[in-house]
Amino acid sequence: MTEDQKLAEFEARVARGDKVEPGDWMPEEYRKNLIRMIGQHAHSEIVGQLPEGKWIPYAPGFRRKLTLIAKVQDEAGHGQLLYRAAETLGKSREEMLEELLSGKAKYSNVFNYPTPTWADVGVIGWLVDTAAVINQSMLAQGSYGPYARAMKRICYEESFHIKQGYDAVVALARGTPEQRAMAQDAINRWWYPTLMMSGPPDAMSEHTARAMKWRIKTKTNDQVRQEFVDHIVPQIRALGLDVPDPDCRYDETTGHYRFTPPDWEELKRVVNGDGPMNKERIAVRKKAHEEGRWVREALAVKGTGGNSKS
Ligand code: BYC
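Since the structure is predicted, the reported quantities are computational estimates derived from the model, not experimental observations.

Caption draft 1: Broad picture of the overall build of the protein chain. Along the backbone of the protein chain there are 13 helices and 2 strands. Relative to its length of 310 residues, the protein chain is compact, with a C-alpha radius of gyration of 21 Å against a globular reference of 19 Å. With 310 residues in all, the protein chain has 47% of them scored as buried. Here the analysis covers contacts within the protein chain between residues at least 6 apart in sequence; of these, 76% occur between residues at least 24 apart. Counting every atom, the protein chain has about 15,600 Å² of accessible surface; 55% of that belongs to carbon and sulfur. Of the side chains in the protein chain, 44 bear a positive and 43 a negative charge, and the two mean positions are spaced by 4 Å.

The following block contains the structure:
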């Protein structure tokens with residue numbers, strides 16, 4: 001078959017909803033785009049442990065501490081699954097990690113903001129994980145088998161994370177006026193970064209059109225963002241809290257909530273390394289990477305399976 005025929009057959013398969021598997025022929029651009037996106041996703045899970053992980057020693061009470069430890073561990077597991085999925089496309093984990101640590105690879109904008117109060121942990125679990133699950137449920141319908149299957153597993157776990165975050169915010173919303181104010185303040189700070197999480201608007205998005213054609217994504221950035229807003233605004237208001245957008249209201253004619261778009265220049269700055277916490281996040285990751293070197297070296301010892309007699 002000529003390259004054109006292979007491409008036509010590939011596109012017909014993808015359009016039918018068939019899954020593409022690691023050994024299958026695929027256009028080079030499809031492979032590259034998936035490596036880029038899955039790699040960024042893996043990095044987001046790994047860096048995403050840091051803002052909440054910081055709160056493990058201070059979590060209010062034993063039960064919340066245990067749940068938070070489990071959540072943060074889950075994120076590490078998601079990172080592992082995703083690096084593995086990206087490796088099936090021919091890029092090694094070491095190369096991907098090197099790109100993260102050198103600042104070359106992007107990761108989700110949201111993890112470059114600080115978490116000054118306990119309410120941030122609740123709001124990340126509730127709002128950020130809700131936005132993540134809406135996005136990942138559409139990625140679970142995507143064309144690349146290993147990524148779509150990883151998404152299914154990850155969505156189950158993230159759905160539990162949403163409950164953990166929601167439960168923490170409910171406790172604050174029903175608490176003292178100071179606790180309610182803390183919850184509201186966290187929502188105010190996370191609202192726009194969470195809206196940015198779904199990516200730039202479709203009209204500005206470089207990759208969306210091709211990603212939709214090849215079913216790498218099955219919904220556009222704007223569709224995912226609107227779904228998030230429609231889902232979360234009534235939930236926030238039901239707790240007597242609100243979003244920091246006076247123009248956010250239900251539009252009877254469209255059946256959707258209207259909202260003020262975030263500052264897209266801020267998204268650009270933050271994903272390109274100039275957010276409030278980028279430098280600290282990468283510095284912490286580098287330190288953890290160095291401190292874990294001996295474990296990687298021990299596991300790599302030939303023929304011992306990491307179990308050498310000493
Ligand atoms: N943050 O053409 P576009 C989690 C980049 S972690 C950073 O629309 P695309 C959790 C984009 O990469 C879950 N960068 O791109 C973990 C591209 O840059 P390059 C995180 C962003 O790929 C721990 C450029 O901007 N989820 O849930 O079609 C604790 C142009 O954008 C962002 C994922 O990673 C952003 N928000 O669409 C708690 C999902 N937006 O590569 C929770 C997987 C855009 O050309 N990724 N960029 O230099 C995706 O679904 C898609 O990549 C995006 C962007 C929707 C994010």
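Caption draft 2: Examining the environment of Pro244 more closely. Here Pro244 shows up in the loop between α10 (221–238) and β1 (249–251). Residues Pro244 and Glu265, 21 residues apart in the sequence, show an inter-C-alpha distance of 19 Å. Not counting chain neighbours up to four residues away, the residues in contact with Pro244 comprise Ile187, Asn188, Trp191 and Tyr192.

Caption draft 3: Inspection of the pattern of salt bridges at higher detail. Summed over all chains, the structure comprises 27 salt bridges. Among the ionic pairs, Arg31 bridges to Glu28, the shortest N-O distance being 3.5 Å. In this pair, Arg31 and Glu28 both sit in helix α2 (residues 28–47), 3 residues apart, roughly one turn of the helix. Its relative accessible area of 22% is what places Arg31 among the partly exposed residues. For Glu28, a relative accessible area of 45% gives the class partly exposed.

Caption draft 4: Here's a closer look at the site of the ligand. The environment of the ligand is made up of 33 residues, and the closest members are Gln40, Lys106, Ser205, His207 and Lys217. Take Met197: an N or O atom from its main chain is 3.2 Å from a nitrogen atom of the ligand. In the complex, 92% of the free accessible area of the ligand, which totals 1,000 Å², lies under the protein chains. When contributions to the shell around the ligand are tallied by element, the ones reaching two or more residues are α2, α4 (62–87), α6 (118–139) and α7 (145–173). Top contributing element to the shell around the ligand by residue count: α2, with 6 residues.

Caption draft 5: Examining the packing of helix α12 (residues 278–291) against helix α13 (residues 293–300) more closely. Packing of α12 against α13 brings their axes to within 4 Å, and their N-to-C directions diverge by 40°. Relative to α13, the element α12 is oriented oblique. Contact residues: His289, Glu290 and Glu291 in α12; Arg293, Trp294 and Arg296 in α13.

Cut-offs and rules
- Residues numbered from 1 in each chain as written.
- Predicted model: local features only at pLDDT ≥ 70, side-chain atom pairs only at ≥ 80, totals over all residues.
- Heavy atoms only, no water.
- Helix = DSSP H or I, 4+ residues; strand = E, 2+ residues; numbered from the N terminus.
- Rg over C-alpha atoms; globule rule 2.2 N^0.38 Å.
- Buried < 20%, exposed > 50% of the residue type's maximum accessible area, 1.4 Å probe, protein only.
- Contact = heavy atoms within 4.5 Å.
- Areas by Shrake-Rupley, 256 points an atom, 1.4 Å probe, with all protein chains shown as cover.
- Lys, Arg positive; Asp, Glu negative; His and termini not counted.
- Charge placed at Lys NZ, Arg CZ, Asp CG, Glu CD.
- Salt bridge = Lys/Arg side-chain N within 4 Å of Asp/Glu carboxyl O.
- Near = heavy atom within 4 Å.
- Polar contact = N/O pair within 3.5 Å; in protein donor to acceptor, adjacent residues only side chain to side chain.
- Axes fitted to C-alpha atoms, helices over the stretch in contact; angles between N-to-C directions.
- Parallel < 35°, antiparallel > 145°, perpendicular 65-115°, else oblique.

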